[in-house]
Amino acid sequence: MTDRVILREVGLRDGLQLIKSRLNTAIKLSWIRAQAEVGFTEIEVTSFVPISVLPQFADATAVLVDAQKIGNLLPSVLVPNLRGAVMAMDAGARKITFVLSVSDAHNRANVRKSTDDSLAMLRDVLAERDNRQNIKIATALATSFGCSIEGAVPEARVIQIAEILASQGVDEINLADTVGYGDPVQVGRIFKDVRKAVGELPLAAHFHDTRGLGLANVMAALDAGVRRFDSALGGLGGCPFAPGASGNIATEDTVHLFDRLGIDSGVDLGALLKVRHQLAEWLPGEKLEGRLLGAGPADR
Ligand code: ZN
């Protein structure tokens, strides 16, 4: 096991999708700066989605433009379509995650088109990338481990889509357990099979802790060779278009796990816990998750 991982904070995107409070732009930027200061080199800072769908992200351009000015930070953004991708590129985005779902039903609920139509649109996004310089297009495959609308998602379909993405020339594939259906054996198997199918292409993992298997799934993905992970501070998160969805694995718990394993995430856990306290003040009345805050790190 190599001893370095990239942990990407997604609380500002996945986390803010489900909460009722609207965070203002200045607080979002304070949060981004605080996490960059404690060691995060990549943060998903916003989502370029229609304002009518998710008004929380009406300030996407402003957040991205200011986040780009933070040293040693790669701010990434989520987009569901070509229009969002072009807006993000125009705002100077260097890394854009195009999201599509393996489950056709979830894709229709999320972006109102079939998975195949999203794959076709991704070709246009990649063509746009090729017209510009220094932009990376990652792809998030939502519902890779199951779907709360369709149920089981065929593993062969996950691998087939990953092969298509690799042949189209994406820069990263992120397998997402959007609704927390994954288990460690399945996670290990799918990541190993996708690795065989896509060669050296960077793979990332995105787990929700809906049923308490989030960190077990991280262990399985680590064992399968994954070195990029998403997490949300305070275990925020969830998909508004997936029934029963809930929070991501908590960033602080995930950093603690890596610390215990001797794996370098680059993050200072003690300093991160201070940001976690601050987050509770920024989001009064919102329920935060995460196990570490109550007990603190093991004292040994
Ligand atoms: Zn998510």
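As the structure is a prediction and not an experimental result, all values here were calculated from the model.

Some details on the coordination of the zinc ion
And step 1. The coordination sphere of the zinc ion, as far as protein atoms go, consists of Asp 14 (OD), His 206 (NE2) and His 208 (NE2), spread over 1.9 to 2.1 Å.
And step 2. Each donor residue of the zinc ion lies on the same chain, and together they follow the pattern D-x191-H-x1-H. With a gap of 194 residues between them, Asp 14 in helix α1 (residues 11–17) and His 208 in the loop between β7 (203–207) and α9 (214–223) connect regions that are remote in the sequence. The exposure classification of Asp 14 matches that of His 208, with both residues buried.

Focus: helix α10 (residues 251–261)
And step 1. Burial within α10 is extensive, with eight of its 11 residues counted as buried.
And step 2. Of the residues making up α10, those classed as buried are Thr 251, Glu 252, Asp 253, Thr 254, Val 255, His 256, Leu 257 and Phe 258.
And step 3. Along its buried surface, α10 packs onto β1 (6–9), α2 (25–37), α9, β8 (228–231), α11 (269–282) and α12 (292–295).
And step 4. Downstream of α10 by a residue or two, Gly 262 has a phi angle that is positive, lying close to 75°.

Here's the deal with the packing of helix α8 (residues 184–198) against α9
And step 1. Relative orientation of the contacting elements α8 and α9 amounts to 30°, with a least axis distance of 8 Å. With respect to α9, the element α8 is oriented roughly parallel. Of the two elements, α8 crosses α9, and the hand of that crossing is right-handed. Residues Pro 184, Val 187, Gly 188, Phe 191 and Lys 192 of α8 touch α9, and the partners they reach there are Ala 216, Asn 217, Ala 220, Ala 221 and Asp 223.
And step 2. Broken down by class, the residue content of the contact of α8 with α9 amounts to six nonpolar, two polar and two charged.

Details of the side chain of Thr 139
And step 1. Inspection of the secondary structure assignment puts Thr 139 in strand β5 (residues 136–142).
And step 2. Setting aside anything within four residues of it in sequence, one finds Thr 139 in contact with Thr 97, Phe 98, Leu 122, Leu 165, Val 170, Glu 172, Ile 173 and Asn 174.

Here's the deal with the nonpolar core
And step 1. Counting residues in each nonpolar core, the largest one holds 89 residues, and the members touching the most others are Trp 31, Ile 32, Ile 173, Phe 191 and Phe 229.
And step 2. Looking at this core element by element, the count peaks at six residues for α11.
And step 3. Apart from the residues within four sequence positions on either side, Phe 191 is in contact with Phe 145, Leu 175, Leu 203, Ala 204, Ala 205, Phe 207, Ala 221, Ala 224 and Val 226.

Overview of α8
And step 1. Here α8 spans 21 Å end to end across 15 residues, near enough to the 21 Å set by a 1.5 Å rise per residue.
And step 2. Within α8 the residues assigned to the buried category are Gln 186, Val 187, Gly 188, Ile 190, Phe 191, Val 194 and Val 198.
And step 3. Those residues of α8 that are buried lie in contact with α7 (155–168), β6 (172–177), β7 and α9.
And step 4. Capping the start of α8, Asp 183 holds a side-chain oxygen 3.0 Å from the backbone nitrogen of Val 185, two or three residues further along.
And step 5. Of the residues trailing α8, Gly 199 is marked for its positive phi of about 65°.

Points about the layout of surface pockets
Picture a little ball the size of a water molecule; that probe, rolled over the atoms, points out where space is still empty.
And step 1. Size it by volume and the largest pocket reaches roughly 590 Å³.
And step 2. Along the lines of polarity and charge, the residues of the lining of the largest pocket split into seven nonpolar, nine polar and seven charged.
And step 3. As a volume, the second largest pocket reaches approximately 470 Å³.
And step 4. The wall of the second largest pocket is formed by 32 residues, among which Leu 78, Pro 80, Val 99, Asn 110 and Val 111 lie closest to the centre.
And step 5. Those elements that place two or more of their residues in the lining of the second largest pocket are α1, β4 (95–101), α5 (104–111), β5 and β6.
And step 6. The element that contributes the greatest number of residues to the lining of the second largest pocket is α5, accounting for four residues.

Observations regarding the pattern of salt bridges
And step 1. A complete count under the given rule lists 20 salt bridges for this structure.
And step 2. Asp 116 is the salt-bridge partner of Arg 157, the closest N and O atoms lying 3.3 Å from each other. Highlighted residues: Arg 157 in helix α7 and Asp 116 in helix α6 (residues 115–131), separated in sequence by 41 residues.
And step 3. Within this structure, Arg 8, Arg 13, Asp 14, Glu 44 and Asp 230 form a network of salt bridges that share partners.

The rules behind these values
Residues numbered from 1 in each chain as written. Predicted model: local features only at pLDDT ≥ 70, side-chain atom pairs only at ≥ 80, totals over all residues. Heavy atoms only, no water. Donors = N, O, S within 2.8 Å, 3.2 Å for Na, K, Ca; no water. Helix = DSSP H or I, 4+ residues; strand = E, 2+ residues; numbered from the N terminus. Buried < 20%, exposed > 50% of the residue type's maximum accessible area, 1.4 Å probe, protein only. Contact = heavy atoms within 4.5 Å. Axes fitted to C-alpha atoms, helices over the stretch in contact; angles between N-to-C directions. Parallel < 35°, antiparallel > 145°, perpendicular 65-115°, else oblique. Left-handed = near helix turned anticlockwise from the far one by under 90°. Nonpolar A, V, L, I, M, F, W, Y, C, P; charged D, E, K, R; others polar. Core = buried A, V, L, I, M, F, W, Y, C linked by side-chain atoms within 4.5 Å. Expected span 1.5 Å × (residues − 1). Polar contact = N/O pair within 3.5 Å; in protein donor to acceptor, adjacent residues only side chain to side chain. 1 Å grid on protein atoms, 1.4 Å probe; cavity = no way out; pocket = protein on both sides within 12 Å on 5 of 7 lines; lining within 4 Å. Points joined across faces, edges and corners; volume = space filled by probe spheres on them. Salt bridge = Lys/Arg side-chain N within 4 Å of Asp/Glu carboxyl O.

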